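Given next are the chains, with one letter for each unit.
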Amino acid sequence: MFTLSNIFKRGANYIFIVVLARAISVYDFGIYSVYANILGILILVTNFGFSEYLLVNSNNKKLKQNNLNAFLFFSFSLFLILFSGLLILNLENTTLAILILFKIFFDTTVYNILLSYFQVEKRLLEITRTNFFLATLLISASLYFYFNKTGVYSLFSTVLAINTIIFSVLFYKTKFTSISLKKALHFVKEKFSELKFYGISTITVPIYMMSPTVIASFILNPETLAQYQVAFSIANILLLISVSQLQERYSSFLSSQESIWVLANKIKKTGFRIMIINISVLIFFIIFGKYILLLIYNKEEYLAAFPLLITLLVSNVIFMVASVAATLMVVLKMQKEKSKYHLEFTFLSIFIGALMTYYYGSFGLTLSYTLLYSYSAIRYSLKFKAIINKQLNN
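Residues numbered from 1 in each chain as written. Predicted model: local features only at pLDDT ≥ 70, side-chain atom pairs only at ≥ 80, totals over all residues. Heavy atoms only, no water.

Which residues make up the packing of helix α1 (residues 2-23) against helix α6 (residues 124-148), and what values go with them?
Two elements in contact, α1 and α6, have axes whose closest approach is 8 Å; the angle formed by their N-to-C orientations is 20 degrees. Here α6 runs roughly parallel to α1, going by the angle between their axes. Judged by the twist between their axes, the crossing of α1 over α6 is left-handed. Each residue belonging to the contact of α1 with α6 can be placed in one class, and the counts come to 17 nonpolar, 7 polar and 2 charged. (Axes fitted to C-alpha atoms, helices over the stretch in contact; angles between N-to-C directions. Helix = DSSP H or I, 4+ residues; strand = E, 2+ residues; numbered from the N terminus. Parallel < 35°, antiparallel > 145°, perpendicular 65-115°, else oblique. Left-handed = near helix turned anticlockwise from the far one by under 90°. Nonpolar A, V, L, I, M, F, W, Y, C, P; charged D, E, K, R; others polar.)

A description of a nonpolar patch on the surface should follow, citing residues and the corresponding values.
Together, Phe218, Ile219, Phe351, Leu355, Tyr358, Tyr359 and Tyr360 line one region of the surface with nonpolar side chains, adding up to about 890 Å² of accessible area. Elements that contribute at least two residues to the nonpolar patch include exactly α8 (181-219) and α13 (335-393). No other element matches α13, which puts 5 residues into the nonpolar patch. Within the fold, phenylalanine 351 resides in helix α13. (Patch = residues over 30% accessible without salt bridge, like charges linked within 9 Å, V, L, I, M, F, W, Y side chains within 5 Å. Areas by Shrake-Rupley, 256 points an atom, 1.4 Å probe, with all protein chains shown as cover. Salt bridge = Lys/Arg side-chain N within 4 Å of Asp/Glu carboxyl O.)

I'd like a rundown of the environment of leucine 54, residues and numbers included.
Along the chain, leucine 54 turns up in helix α3 (residues 50-56). Counting along the chain gives 257 residues from leucine 54 to threonine 311, while the straight-line C-alpha distance between them is 35 Å. Discounting residues that sit within four places of it in the chain, leucine 54 has contacts with Lys64, Asn67, Leu68, Phe71, Ile113, Ser116, Tyr117 and Val120. (Contact = heavy atoms within 4.5 Å.)

How would you summarise the pattern of salt bridges if you had to cite specific residues and measurements?
Under the criterion given, the structure shown has 4 salt bridges. With a shortest N-O distance of 2.7 Å, aspartate 107 and lysine 103 are connected by a salt bridge. Linking aspartate 107 with lysine 103, this pair stays in helix α5 (residues 94-120), spanning 4 residues, or about one helical turn. Like lysine 103, aspartate 107 is buried. Across the salt bridge formed by lysine 173 and glutamate 126, the nearest N and O atoms sit 2.9 Å from each other. Note that lysine 173 is positioned in helix α7 (residues 152-174) and glutamate 126 in helix α6, a separation of 47 residues in sequence. (Buried < 20%, exposed > 50% of the residue type's maximum accessible area, 1.4 Å probe, protein only.)

Following this line, the structure appears as structure tokens:
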């Protein structure tokens, strides 16, 4: 049920993007894409491994609550710094940038920290209900905006109000209590030796996934970037659905930490199911992708996104191979080693993304993801095999 609710939530966000793309010019959607891509990277500092650490290091009720209180305090503090930075910068559209920042913060950092908490609590139903409720309201707001032409600012402001109310209810259910800055600093300082590897690991994943796209925001013209963003949005939503299927199984994975063989088999079975779904989606879009793009966006300019979309969907399949293999390292708390992998992938992502985009444009940008994910899949698969072989030798 959680996966279904997550699909609904991702679908609602996609409808939100489609409504924007249809309601504004291709150029303006390109400007929106620039802000969303850059702020999507900056917002990562507000979740410095907090969600992943909370998931695997909350062995008792007191520790779990302390983790939640401290991590949410730091997340909101870091968010306020970013917010203040936008007020100082002389942007073309500061108001839009701020509204985008709020939406991304709630969609990613706040959501992921609360998701980890409820997973540990074995109360995933709370997040499932939230996903359905949030998605319903987001779709309603998006459609109302589209048919009544109330304005982009009105839409973003409505979404901000919806997020504020719903997540306030979740905060109440977690019994979240604010703590002093001194206590929060002491808590993080005490945990930093472990937390830093979770932070590096958590932040570098989106960075190496987003670096080529962010670099493209400075290289491609707004119209070309808008066409790419259409393909990226579809592929990214489908990828996040696959990731949610993996997230849903984490409670089961954590219960098998003591038996490497049971754990490995669970991960393999989950990975096999995810691969079948991803390959099926790829075949579906190869056959019907052009018709879907024209039907959804109602602008022939976006048909140029079709080859980009197919390339990104192939990359999705490869990425999920890497994600499934990396799950073993997460559950076994091998964050120090995993963080080194991610730093390696990040440098590679920046280099390949810049090079391919500069010389081959938007198609080179999508192809850079295929190359990057292929490398990471090989690295993680070899590590998965090495861990199993080590246990066999022991």
